[in-house]
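Residues per chain are reported as follows:
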Protein chains: 2
Amino acid sequence: MELEQVLEGARALVGRNRSALVGSIGEGGYPNIKGMFRVENHGLKDFFFSTNTSSRRVAQFGQDGRACLYFVDFEKVEGLMLIGDMEIVQDPAVKSRFWQDWWTRYYPLGPDDPDYSILHFRAHQGNYYHSLEKKWFEIR
Amino acid sequence: MELEQVLEGARALVGRNRSALVGSIGEGGYPNIKGMFRVENHGLKDFFFSTNTSSRRVAQFGQDGRACLYFVDFEKVEGLMLIGDMEIVQDPAVKSRFWQDWWTRYYPLGPDDPDYSILHFRAHQGNYYHSLEKKWFEIR
């Protein structure tokens, strides 16, 4: 596969999957996985998720920001893994920018609720496979 | 949720998903995820996958056996993470037991093909969530 094809396939796969599998380093150094819905992404580089400040994932990323995202289409034998780092964002301006009103059911105090955090994932490497071909690429 | 309900939900979720997301520790200590089809499982404790001996996953598990499996149903807001250890099995008896004839397309030398390996995952802990409830449980 040419790099252009890889990027096109990877972007299309991300585009049709709002849900991502998020990998983190958990207790005892074991890998952990959780399914999360992204609130926004910029291409294959930046992904934003909303989460509870009190959640296990925030505690894990506070200790170790190493992360990955995975998007998969089992029927098409197609997958994308993005390797990168996760930052916990509590900046009120960023939190307000992503806020959606119906989230008051989760965060009763609104965008300033201290239990509401944004996770910002920055990819630096990707691995895309389709059928039996696969390719690593850098993300800048 | 009572433990009985948790185990019942977890077993049903595994039962209807042949595909699992497999977490490993990759290069630089970053978490990695790959979708894999299991060839067999015994309840929530033992899972078997077939793979290429030359694959990245085998190299990773050879260095660090810490692993997790994840099963998810996004529509039902239901997920199961199993934490455990992955062993690379090259015992010819075990490899023969799982062998399927159509795999010669991947492993031309048959069950004794040195590029054919079995991965054996043994769970020791589980985390099941459904709707907004979640529960950790031990697996023995």
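For the structure, see preceding data.
About the cut-offs
- Residues numbered from 1 in each chain as written.
- Chains lettered and ligands numbered in written order.
- Predicted model: local features only at pLDDT ≥ 70, side-chain atom pairs only at ≥ 80, totals over all residues.
- Heavy atoms only, no water.
- Helix = DSSP H or I, 4+ residues; strand = E, 2+ residues; numbered from the N terminus.
- Buried < 20%, exposed > 50% of the residue type's maximum accessible area, 1.4 Å probe, protein only.
- Least-squares fit on C-alpha atoms with pLDDT ≥ 70 in both.
- Contact = heavy atoms within 4.5 Å.
- Patch = residues over 30% accessible without salt bridge, like charges linked within 9 Å, V, L, I, M, F, W, Y side chains within 5 Å.
- Areas by Shrake-Rupley, 256 points an atom, 1.4 Å probe, with all protein chains shown as cover.
- Salt bridge = Lys/Arg side-chain N within 4 Å of Asp/Glu carboxyl O.
- Lys, Arg positive; Asp, Glu negative; His and termini not counted.
- Expected span 1.5 Å × (residues − 1).
- Arc of directions from axis to C-beta.
- Buried area = accessible area lost by both parts, 1.4 Å probe.
- Polar contact = N/O pair within 3.5 Å; in protein donor to acceptor, adjacent residues only side chain to side chain.
- Nonpolar A, V, L, I, M, F, W, Y, C, P; charged D, E, K, R; others polar.

Re the environment of Arg11(A)
(1) Moving on: Tracing the chain through its elements places Arg11(A) in helix α1 (residues 3-15).
(2) Moving on: Looking at Arg11(A), the relative accessible area reads 48%, which means it is partly exposed.

Quick word on the relation of the copies chain B and chain A
(1) Moving on: For these two chains of identical sequence, chain B goes onto chain A by a turn of 180 degrees and a shift of 0.0 Å along the axis, with RMSD 0.0 Å. Interpreted geometrically, this transformation is the action of a two-fold axis. Relative to the rotation axis, the C-alpha of Pro31(B) is the closest in chain B, positioned 2.8 Å from it.
(2) Moving on: Take the interface residues of chain B: 100% of them recur as interface residues in chain A, which is what a same-surface contact looks like.

Notes on a nonpolar patch on the surface
(1) Moving on: Nonpolar side chains collect at one region of the surface, where Trp102(A), Tyr106(A) and Leu132(B) lie side by side and expose about 380 Å² of accessible area between them.
(2) Moving on: Secondary-structure assignment places Trp102(A) in the loop between α3 (92-98) and β6 (116-130).

Some details on the pattern of salt bridges
All names here are of chain B.
(1) Moving on: The tally for this structure, following the rule as stated, stands at ten salt bridges over all chains.
(2) Moving on: Asp73 is the partner of Arg16 in a salt bridge, and the nearest nitrogen-oxygen pair spans 3.0 Å. Note that Arg16 is positioned in the loop between α1 (3-15) and β1 (19-25) and Asp73 in strand β4 (residues 66-73), a separation of 57 residues in sequence.
(3) Moving on: We note a salt bridge from Glu40 to Arg97, for which the minimum N-O separation is 3.6 Å.

Comments concerning the side chain of Lys95(A)
Residues and elements named next belong to chain A.
(1) Moving on: With respect to the helices and strands, the residue Lys95 is situated in helix α3.
(2) Moving on: Here Lys95 is buried and forms no salt bridge, its nearest opposite-charge partner Asp112 lying at an N-O distance of 6.0 Å.
(3) Moving on: Not counting residues within four places of it along the chain, the set of residues in contact with Lys95 comprises Val89, Gln90, Pro111, Asp112, Asp113, Tyr116 and Ile118.

Details of α1(B)
Residue and element names in this part refer to chain B.
(1) Moving on: An ideal rise of 1.5 Å per residue puts 18 Å on 13 residues; α1 measures up with 18 Å between its terminal C-alpha atoms.
(2) Moving on: Buried within α1 we find Val6, Gly9, Ala10, Leu13 and Val14. Looking straight down α1, one finds its buried side chains confined to an arc of 130 degrees; they lie on one side. Opposite the buried face of α1, by more than 90 degrees, sit the exposed residues Glu4, Glu8 and Gly15.
(3) Moving on: Packing partners of the buried residues in α1 comprise β2 (31-42), β3 (46-52), β4, β5 (78-89), β6 (116-130) and β7 (133-138).

Section: the interface of chain B and chain A
(1) Moving on: Each partner contributes to the interface: chain B provides 32 residues, whereas chain A provides 32 residues.
(2) Moving on: The junction of chain B with chain A conceals about 2,600 Å² of combined surface from both sides, 70% of it contributed by carbon and sulfur atoms.
(3) Moving on: When the buried surface of chain B facing chain A is broken down by residue, Tyr30(B), Ile33(B) and Phe74(B) rank first, second and third, together holding 27% of it.
(4) Moving on: At the surface where chain B touches chain A, the tally comes to zero salt bridges.
(5) Moving on: Joining chain B to chain A, the criterion identifies eight residue pairs in polar contact (both at pLDDT 80 or more).
(6) Moving on: Of all the secondary structure elements, the ones that give two or more residues to the side of chain B that touches chain A are β1, β2, β4 and β5 of chain B.
(7) Moving on: The residue makeup of the side of chain B that touches chain A, split by class, is 19 nonpolar, nine polar and four charged.

Topic: helix α2 (residues 56-63) of chain B
Residues and elements named next belong to chain B.
(1) Moving on: Every buried residue of α2 is listed here: Arg57, Val58, Gln60 and Phe61. Viewed along the axis of α2, the buried residues span an arc of 160 degrees, placing them on a single side of the element. Of the residues in α2, the exposed ones pointing more than 90 degrees away from the buried face are Gly62 and Gln63.
(2) Moving on: Elements that come into contact with the buried residues of α2 comprise β1, β2, β3, β4, β5 and β6.

Structural notes on unusual backbone geometry
Residues and elements named next belong to chain A.
(1) Moving on: Although it is not a glycine, Val77 sits at a positive phi angle of roughly 50 degrees.
(2) Moving on: Summarising the element assignment, Val77 is placed in the loop between β4 (66-73) and β5 (78-89).
(3) Moving on: Relative accessible area serves as the criterion here: at 43%, Val77 is assigned to the partly exposed category.

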